[in-house]
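Notes for the structure review
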Amino acid sequence: MRKRTLFRLAAGTVAAGAATLAYASLVERNMFTLRRYDVPVLPADAEPLRVLHLSDLHMMPDQARKQQWVASLAALDPDLVVVTGDNMAHPDAVGGVLRALQPLLDYPGAFVFGSNDYTGPVWKNPFTYFLPDREYAEGVELPHEELRDVFTGAGWADLNNARTSVKAGGRLVELVGVDDPHIERDDYDAVAGPVAASADLGIALAHSPEPAVLDRMAADGFSLLLAGHTHGGQVCVPGYGALVTNCGLPRSMARGLHRWPGSDSWLHVSAGLGTHPTAPVRFACPPEASVLTLIPR
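This section reports on the structure supplied with the text. If you're wondering where the values come from, they're calculated on a predicted model, not measured in any experiment.

Note that D220 resides in the loop between α6 (211–219) and β9 (224–227). For D220, which is buried and forms no salt bridge, the nearest opposite charge comes from R163, at a distance of 4.9 Å. At a separation of 2.9 Å, a polar atom in the side chain of D220 contacts the main-chain amide nitrogen of G193. Not counting residues within four places of it along the chain, the set of residues in contact with D220 comprises Y188, A192, G193, P194 and V195.

Structure follows, in C-alpha cells:
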C-alpha cells in the first residue's frame with residue numbers, strides 16, 4: 001500500500017508538472033495583457049498625457065498573434081509611444097516587428113535598444129540567471145541598423161546614449177536614454193544634465209533598469225523612468241513574485257510602477273511581450289503592454 005501511495009504521489013506530481021508546463025508554454029505566454037497606470041508627474045491643472053510603453057517583443061517572424069495584438073494598440077490613440085528594446089529574436093524579424101508597430105509609427109515615439117536587438121539569443125541554463133556574475137553569451141548578429149532606420153525614418157527619437165525633445169500631447173517632453181547597460185553599452189556621461197526649465201516633463205529610457213543609471217536620471221530631474229529587460233521575472237511564484245530580475249533591480253520592482261527611492265521620480269518596468277525563444281514559457285506573469293496616464297501631482 002505504501003508503494004502504491006508513493007507511486008500515485010509521483011504520478012500526480014509529474015501530471016501537475018506537465019499541466020503547468022503546457023499552460024505556461026501554450027496559454028499564458030499568449031495572454032497579451034494591457035496594464036493601465038496613473039502616474040502623478042505633471043504640474044497642477046495640466047491635462048493628462050498618455051504614454052504607451054512597449055518592451056521585449058523578442059519577435060520571431062511567424063508570431064502573427066503577437067503582431068496583430070500589438071498593432072491593435074494604435075486604437076488607444078497614445079500621445080507618445082516608448083519602446084525599451086529587445087525587439088528581435090531572429091535575423092528575419094524586422095518584418096514582424098514592423099507589422100506589429102507600423103500603426104504606431106504615426107505617433108510621436110522614442111526607443112532604445114537592448115542586447116537582443118544586436119545579437120540573437122542562445123540557449124542558456126535557466127539556473128544561471130541566479131548567478132550575479134554569469135558571462136554574457138552572444139548569438140547571431142541581428143539587423144539592428146535596419147530596425148533603427150525604420151524607427152528613425154518614421155520620426156521616432158533614437159535615444160541610445162542620446163537626448164532630445166519632442167512635442168507630444170501639446171507638451172514639450174525632454175527625453176534622454178542610454179544604450180543597454182546589461183551589455184555595458186550605456187554612456188550616461190555623454191547625455192547627463194538637468195531637465196531643461198523650458199520642458200513640461202522629462203522622461204528617461206533604458207533597456208535594463210540598472211540602479212546606478214536610474215539614480216543619475218532621477219537626480220537630473222527626469223520624472224518618469226522607463227525600462228524593460230526583466231520580463232517581470234517571466235516565471236513567478238504566486239504570492240511571492242519574481243525569482244530573479246537579471247539585473248541590479250530588487251525582485252519587488254521586477255515589473256509595474258514604483259516610486260524610485262530617494263527621489264520624486266517614478267519607475268515603470270514593463271514585463272514585456274515576449275520570451276527568450278529557448279524558454280517560451282510564462283507563469284504568473286503574462287506578457288504585457290502598459291498605458292501610463294500622466295496626471296498632475
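Listed as buried for helix α5 (residues 144–153) are H144, L147, R148 and F151. In an axial view of α5, the angular spread of the buried residues amounts to 100°, which keeps them on one side of the axis. Away from its buried face, by an angle of more than 90 degrees, α5 presents the exposed residues D149 and G153. Lining the buried residues of α5 we find α3 (94–101), β4 (109–111), α4 (115–118) and β5 (157–158). Looking one or two places after α5, you find G155, whose phi comes out positive at around 95°.

Enumeration over the complete set of coordinates arrives at five aromatic pairs. Aromatic pair F113 and Y118: ring centres 5.7 Å apart, planes at 90°, arrangement edge-to-face. Residue F113 is classed as buried on the basis of its relative accessible area, which comes to 0%. Put simply, the rings of F111, F113, Y118, F151 and W156 touch in pairs and so form one group of aromatic residues. Over the ring of Y118 we find R185; its NZ or CZ atom is 3.8 Å from the centre of that ring.

We now examine the side chain of N160. With respect to the helices and strands, the residue N160 is situated in the loop between β5 and β6 (162–168). By relative accessible area, which is 12% here, N160 ends up buried. Of the polar contacts made by the side chain of N160, one reaches the side chain of D158; its length is 2.8 Å. The contact partners of N160, leaving out residues within four places of it in the chain, are F111, V112, F113, Y118, R148, G177, V178 and D179.

All right, on to the sheet that holds strand β1 (residues 33–42) then. Reading across from one edge, β1-β14-β2-β3-β4-β5 is the order of the six strands in this open sheet, with mixed pairing throughout. The strands lining the two open edges of the sheet, one partner per strand, are β1 and β5. Both strand β3 (residues 80–83) and β4 contribute to a ladder of three bridges, which runs parallel. Following the sheet pairing, V81 is matched in β4 by G109.

Once that is clear, we can look at the packing of helix α2 (residues 64–72) against α3. Where α2 contacts α3, the two axes come as close as 6 Å, and the packing angle between them is 35°. Residues Q67, V70 and A71 of α2 form the contact with α3, whose own contacting residues are G96, R99, A100 and L101. Among the residues forming the contact of α2 with α3, the class breakdown is four nonpolar, two polar and one charged.

Scanning the entire structure with this criterion turns up zero disulfides. C285 provides the cysteine sulfur closest to C236, a residue in no disulfide bond, and the two sulfurs are 4.2 Å apart. On the basis of relative accessibility, which here comes to 5%, the residue C236 falls in the buried class.

The next point concerns the pattern of salt bridges. Scanning all chains against the criterion turns up eight salt bridges. A salt bridge links R163 to E174; its shortest N-O distance comes to 2.8 Å. Remark: E174 occurs in strand β7 (residues 171–177) and R163 occurs in strand β6; sequence separation between them is eleven residues. What makes R163 partly exposed here is its relative accessible area of 26%. Close ionic contact of D179 with R185 constitutes a salt bridge, the shortest N to O distance being 3.0 Å. The class of D179 is buried, set by a relative accessible area of 5%. Among the charged side chains, a salt-bridge network with shared partners connects E145, R148 and D158.

Criteria and thresholds
Residues numbered from 1 in each chain as written. Predicted model: local features only at pLDDT ≥ 70, side-chain atom pairs only at ≥ 80, totals over all residues. Heavy atoms only, no water. Helix = DSSP H or I, 4+ residues; strand = E, 2+ residues; numbered from the N terminus. Buried < 20%, exposed > 50% of the residue type's maximum accessible area, 1.4 Å probe, protein only. Lys, Arg positive; Asp, Glu negative; His and termini not counted. Salt bridge = Lys/Arg side-chain N within 4 Å of Asp/Glu carboxyl O. Polar contact = N/O pair within 3.5 Å; in protein donor to acceptor, adjacent residues only side chain to side chain. Contact = heavy atoms within 4.5 Å. Arc of directions from axis to C-beta. Phe/Tyr/Trp six-rings, centres within 6.5 Å; stacked < 30°, edge-to-face > 60°. Lys NZ or Arg CZ within 6 Å of the ring centre and 35° of its normal. Pairing = 2+ DSSP bridges. Axes fitted to C-alpha atoms, helices over the stretch in contact; angles between N-to-C directions. Nonpolar A, V, L, I, M, F, W, Y, C, P; charged D, E, K, R; others polar. Disulfide = S-S within 2.5 Å.

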